[in-house]
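The chain contents come next:
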Amino acid sequence: MSLQLASYLDAVRAKTPLVHNITNYVTVNDCANILLACGGSPIMADDADEVEDITSICGGLNINLGTLNRNTIPSMFLAGRRANALGHPVILDPVGAGASDLRTATAKKLLAEIRFACIRGNISEIKTLAVGSGATRGVDADVADAVTEETLGSVVAFARRFAAETGAVVAITGATDLVADADRAYLIRNGHPRMAGITGSGCMLTAMTAAYLVANPADPLGAVVASIAAMGLCGERAAEKTEAAGEGNASFRNHLIDEVSLLTGEALAAGAKVTEYGC
Amino acid sequence: MSLQLASYLDAVRAKTPLVHNITNYVTVNDCANILLACGGSPIMADDADEVEDITSICGGLNINLGTLNRNTIPSMFLAGRRANALGHPVILDPVGAGASDLRTATAKKLLAEIRFACIRGNISEIKTLAVGSGATRGVDADVADAVTEETLGSVVAFARRFAAETGAVVAITGATDLVADADRAYLIRNGHPRMAGITGSGCMLTAMTAAYLVANPADPLGAVVASIAAMGLCGERAAEKTEAAGEGNASFRNHLIDEVSLLTGEALAAGAKVTEYGC
Amino acid sequence: MSLQLASYLDAVRAKTPLVHNITNYVTVNDCANILLACGGSPIMADDADEVEDITSICGGLNINLGTLNRNTIPSMFLAGRRANALGHPVILDPVGAGASDLRTATAKKLLAEIRFACIRGNISEIKTLAVGSGATRGVDADVADAVTEETLGSVVAFARRFAAETGAVVAITGATDLVADADRAYLIRNGHPRMAGITGSGCMLTAMTAAYLVANPADPLGAVVASIAAMGLCGERAAEKTEAAGEGNASFRNHLIDEVSLLTGEALAAGAKVTEYGC
């Protein structure tokens, strides 16, 4: 199946999806700005006394486990259940799953109680959730878990199984990104190593993907593929600008958000390196 | 009355007003940076065990309801009462009032118990506080509440009444900004649509306005007008730079803070588009 | 002793030290980005239920008192004790000590119960900790505490005594930076006044210094000197770029992080203005 990538981006700009974010305080400003840049609209709220109200007026919910705490964890469940009841897509970013028992246990409990439209993490985080044995290096994937051309087939099979178990689109991002549901898998070969040189690349991608899911309800798999390809392509373009000007990491972050705000559906379709696995 | 706009800005730079902020974790970094850029000095503190100490060493207090929670809400009241007792100006940014019962109820309770020098929000937020019926689209004004040339007269009358009731300068910001006390109203036609493309435009404006209020105690109405005109003018200049360079949203944010740090009183007086309503 | 400054920086880039940060929500994004820019890797976590796990997988711990609260204070002690037990360097940034009883008391209790490899603050903060009498202007040093050429000798003696008492390297930063252990003291004359025009200069420096301490376990004094010289030199370079382009505060912040990401050991050795006191 050939995805019409432009249409997913255009739908975001046409619908301005409002996304409720329960997320960490490290990259929250970047998440709000990327949602605005891609054409969505962010609202952040994490107190148990208001998250059900807030998620009710939004179109989707983004749950990110970075800097989770005893106040925000119950809010994740309250908001998640309400979003499920309303049929809003919910996306999970299990930041640092495997790095502490609290993160691992919270992620697993969320998977047991909330229905996710998408789960996006690095290979170590996703392995922790699926089989309880991912290596981890803080919030980064461990080198022992690296996805290579040799391991790609088994990782695809693993992602499909986990997607079948959870009912979610599973997105494993890294040098090559892999997106799977129970039936199909796509590989995305956009992106740039500089994205690992700033905080928030992953969090921003998850937040943006929430907007793509809200705006494209009929095709969650395609929406996630389009969002990841868009962010990767913007990373490539931002890296080009950064290097042409001899700039460093902060400039790259600014160029990345700039490129997301400037990206058109047409440019996405032209620059995306997406292939269906096995086709 | 013709306002000497330069003098308000010059007073901020001359006095370096120290502002205590109880604000959300989404845009808090931008708020701190805008306070430094305009010539003030920020301190952020929200624990009930220290907010009275902190507000006592400052000149003014900025209360912003974004990401309010059960820990920070009591702190808003403690700090607000202390600031009132000390005669420090207190400013309220009712972010998302109307979007959840918690935000609406907290805002109303604050209005009942704390004396504000200024209340700044979009039309939906201010209507929610004044008459309990603003529409809302998350943290953005609803299109149903749009202030147009046709509705301007009734919005001015509404703002004056709300100012008379609360004793605060009421600032309703949008495409056209309106600032009123019980007796007079000013319209400000600076600003740029790009300001809605980044998170924090409103929060930064409120934080900066706190510094203007502290530095200009004899004329709160003029201080608020000057601050809003200054931010709007900087938005215009930042948009020009952004567009000339073909940049996007993140660059606009940087240009905006840059312009605030570069703005002189003279340039403000020359570029401000301020008119007294009915004059 | 002549320090081989390049080697400290090169060690950070070679080892990618993972640093656990319990820090304020104002500058946390800047701290994460500066850790990445200098060659380290950040993780932020502050809930009592996970800080021991998180600090165990890291190489060092950064405790910053900005926006401390009743949830995060117990976490500082839990993480600090665990880091001490594991022999990881712990660094303290007593932001605003002296500005509230809560900050002063928390800082003193931390000093009593946790062994710090380094304490970094402005002169007012360090005086508050050491003798209970620093002046303060919010989170900035009070002018009454200014370190001048005339007072330098007594400040060096004071820093050495405080270092002897605490076992920590004491870093007092300002126009001239001073780093001392019980036996030796270094002066660093890098830096630029523009660094005070953005939020987070101090927080970023402390976070980066944590990475230098982790990567250079054999020589904490030299590691702290190298980190402070590196940040000061990057501040000078960023200010040059900002002024050459007629830019303002936000651009300076971006240039500063850029320069940290671009700095080589060789450039640090060439540009550092470090002298041993009394030599």
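Bear in mind that the values here come from a model prediction, so they are computed numbers and not experimental data.

Quick notes on the rules
- Residues numbered from 1 in each chain as written.
- Chains lettered and ligands numbered in written order.
- Predicted model: local features only at pLDDT ≥ 70, side-chain atom pairs only at ≥ 80, totals over all residues.
- Heavy atoms only, no water.
- Helix = DSSP H or I, 4+ residues; strand = E, 2+ residues; numbered from the N terminus.
- Rg over C-alpha atoms; globule rule 2.2 N^0.38 Å.
- Buried < 20%, exposed > 50% of the residue type's maximum accessible area, 1.4 Å probe, protein only.
- Pairing = 2+ DSSP bridges.
- Expected span 1.5 Å × (residues − 1).
- Contact = heavy atoms within 4.5 Å.
- Least-squares fit on C-alpha atoms with pLDDT ≥ 70 in both.
- Phe/Tyr/Trp six-rings, centres within 6.5 Å; stacked < 30°, edge-to-face > 60°.
- Lys NZ or Arg CZ within 6 Å of the ring centre and 35° of its normal.
- Buried area = accessible area lost by both parts, 1.4 Å probe.
- Salt bridge = Lys/Arg side-chain N within 4 Å of Asp/Glu carboxyl O.
- Polar contact = N/O pair within 3.5 Å; in protein donor to acceptor, adjacent residues only side chain to side chain.
- Axes fitted to C-alpha atoms, helices over the stretch in contact; angles between N-to-C directions.
- pLDDT = per-residue confidence, 0-100.
- Nonpolar A, V, L, I, M, F, W, Y, C, P; charged D, E, K, R; others polar.

Draft legend 1. A look at the overall build of chain A. Secondary structure assignment for chain A yields eleven helices and nine strands. For chain A, whose C-alpha radius of gyration is 17 Å, the value lies close to the compact-globule estimate of 19 Å for 279 residues. Principal-axis analysis of the C-alpha atoms places the extent of chain A at approximately 50 × 40 × 35 Å. For chain A, the residues scored as buried account for 65% of the 279 residues in total.

Draft legend 2. Expanded view of the pairing of strand S8 (residues 185-188) of chain B. All names here are of chain B. Neither face of S8 is exposed, since Ala 185 and Leu 187 on one face and Tyr 186 and Ile 188 on the opposite face are all buried. Adjacent in sequence and paired antiparallel, strand S7 (residues 177-180) and S8 are bridged by four residues. Note that S8 and strand S9 (residues 274-276) share three bridges and pair antiparallel. Across the sheet, residue Ile 188 finds its bridge partner in S9, namely Val 274.

Draft legend 3. Fine view of helix H5 (residues 101-113) of chain A. If you check H5(A), its first and last C-alpha atoms are 18 Å apart, about what 13 residues at 1.5 Å a residue would give, namely 18 Å. Among the residues of H5(A), those classed as buried are Leu102(A), Arg103(A), Thr104(A), Thr106(A), Ala107(A) and Leu110(A). Looking at the buried positions of H5(A), the neighbouring elements they touch are strand S3 (60-64), helix H4 (72-86), strand S4 (90-93) and helix H6 (123-131) of chain A together with strand S2 (41-44) and helix H3 (51-57) of chain C.

Draft legend 4. The arrangement of the relation of the copies chain B and chain A in detail. Once turned by 120 degrees and shifted 0.0 Å along the axis, chain B lies on chain A with an RMSD of 0.0 Å. Overall, the copies show the geometry of a three-fold rotation axis. Scanning chain B for the C-alpha nearest the rotation axis identifies Tyr25(B), at a separation of 3.6 Å. A distinct binding surface is used by each copy, with only 13% of the interface residues of chain B retained as interface residues in chain A.

Draft legend 5. Summary view of the packing of aromatic side chains. In this structure the tally under the stated criterion is one aromatic pair over all chains. Here Phe158(C) and Phe162(C) contribute two aromatic rings whose centre-to-centre distance is 6.5 Å and whose plane-to-plane angle is 5 degrees, an arrangement assigned as stacked. One end of the pair, Phe158(C), and the other, Phe162(C), are both in helix H7 (residues 152-166), four residues apart, so they sit about a helical turn from each other. One exposure class covers both Phe158(C) and Phe162(C), and it is buried. Lys109(A) extends its terminal NZ or CZ atom over the ring of Phe77(A), reaching a point 4.4 Å from the ring centre.

Draft legend 6. Broad picture of the interface of chain B and chain C. In this assembly, 30 residues from chain B lie in contact with 30 residues from chain C. Regarding the contact of chain B and chain C, the summed buried area is about 2,400 Å², with carbon and sulfur atoms giving 47% of it. For the pair chain B and chain C, the interface holds three salt bridges. Between Glu50(B) and Arg103(C) there is a salt bridge, and its shortest N-O distance comes to 2.9 Å. Connecting chain B to chain C are 17 residue pairs in polar contact (both at pLDDT 80 or more).

Draft legend 7. Looking closely at the sheet that holds strand S2 (residues 41-44) of chain B. Residues and elements named next belong to chain B. Strands sit in the order S2-S1-S3-S4-S5-S6-S7-S8-S9 across an open sheet of nine strands; the sheet is mixed. Looking at strand neighbours, the two that pair on one side only are S2 and S9, the edges of this open sheet. Recorded for the sheet is a direction-independent mean angle of 20 degrees between the axes of neighbouring strands. Relative to the sheet, helix H6 (residues 123-131) contacts strand S4 (90-93), strand S5 (118-121) and strand S6 (169-172), its axis offset from that of S5 by approximately 130 degrees. Contacting S5, S6, S7, S8 and S9, helix H9 (residues 220-244) crosses the sheet at an angle of about 170 degrees to S7.

Draft legend 8. Local environment of the side chain of Asn216(B). Residues and elements named next belong to chain B. Structurally, Asn 216 is set in the loop between helix H8 (201-215) and H9. Residue class for Asn 216 comes out buried when judged on its relative accessible area of 11%. A polar side-chain atom of Asn 216 sits 3.3 Å from the main-chain carbonyl oxygen of Tyr 8. Not counting chain neighbours up to four residues away, the residues in contact with Asn 216 comprise Ser 7, Tyr 8, Ala 11, Val 12 and Ala 223.

Draft legend 9. Representation of the confidence of the model for chain A. Averaged over all residues, the pLDDT of chain A equals 95, while 96% of them reach at least 70. For this predicted complex, the interface score ipTM comes out at 0.96, alongside a pTM of 0.97.

Draft legend 10. Highlighting the pattern of salt bridges. Residues and elements named next belong to chain C. Under the criterion given, the structure shown has 42 salt bridges over all chains. Among the ionic pairs, Glu 236 bridges to Lys 273, the shortest N-O distance being 3.6 Å. With Glu 236 in helix H9 (residues 220-244) and Lys 273 in the loop between helix H11 (265-271) and strand S9 (274-276), the pair connects residues that are 37 residues apart, well separated along the chain. In this structure Lys 273 comes out as partly exposed when scored by relative accessible area, which is 43%.

Draft legend 11. Seen up close, the interface of chain B and chain A. With 30 residues of chain B at the interface, the matching set in chain A holds 31 residues. In total, chain B and chain A occlude about 2,400 Å² of area from one another, counting both sides; carbon and sulfur atoms represent 47% of this. Here chain B is connected to chain A by three salt bridges. Notably, a salt bridge pairs Arg70(B) with Asp47(A), separated by 3.4 Å at the nearest N-O pair. Of all the elements, helix H10 (residues 249-262) of chain B adds the most residues to the side of chain B that touches chain A, at five residues. Of the residues belonging to the side of chain B that touches chain A, the class tally is nine nonpolar, 13 polar and eight charged.

Draft legend 12. Structural context of helix H4 (residues 72-86) of chain B. Residues and elements named next belong to chain B. In this model H4 runs 21 Å from its N-terminal to its C-terminal C-alpha over 15 residues, within 8% of the 21 Å that 1.5 Å per residue would give. Taken together, the buried positions of H4 are Thr 72, Ile 73, Ser 75, Met 76, Phe 77, Ala 79, Gly 80, Ala 83 and Asn 84. The inward-facing, buried residues of H4 contact strand S1 (18-22), helix H3 (51-57), strand S3 (60-64), S4 and helix H5 (101-113). Gly 87, located one to two residues past H4, shows a positive phi value of around 75 degrees.

Draft legend 13. Structural view of the environment of Ala83(C). Residue and element names in this part refer to chain C. Structurally, the position occupied by Ala 83 is in helix H4 (residues 72-86). Residues Ala 83 and Ile 114 lie 31 residues apart in sequence; the distance between their C-alpha atoms is 9.1 Å. The residues touching Ala 83, leaving out its near neighbours within four places in the chain, are Thr 55, Leu 61, His 88 and Val 90.

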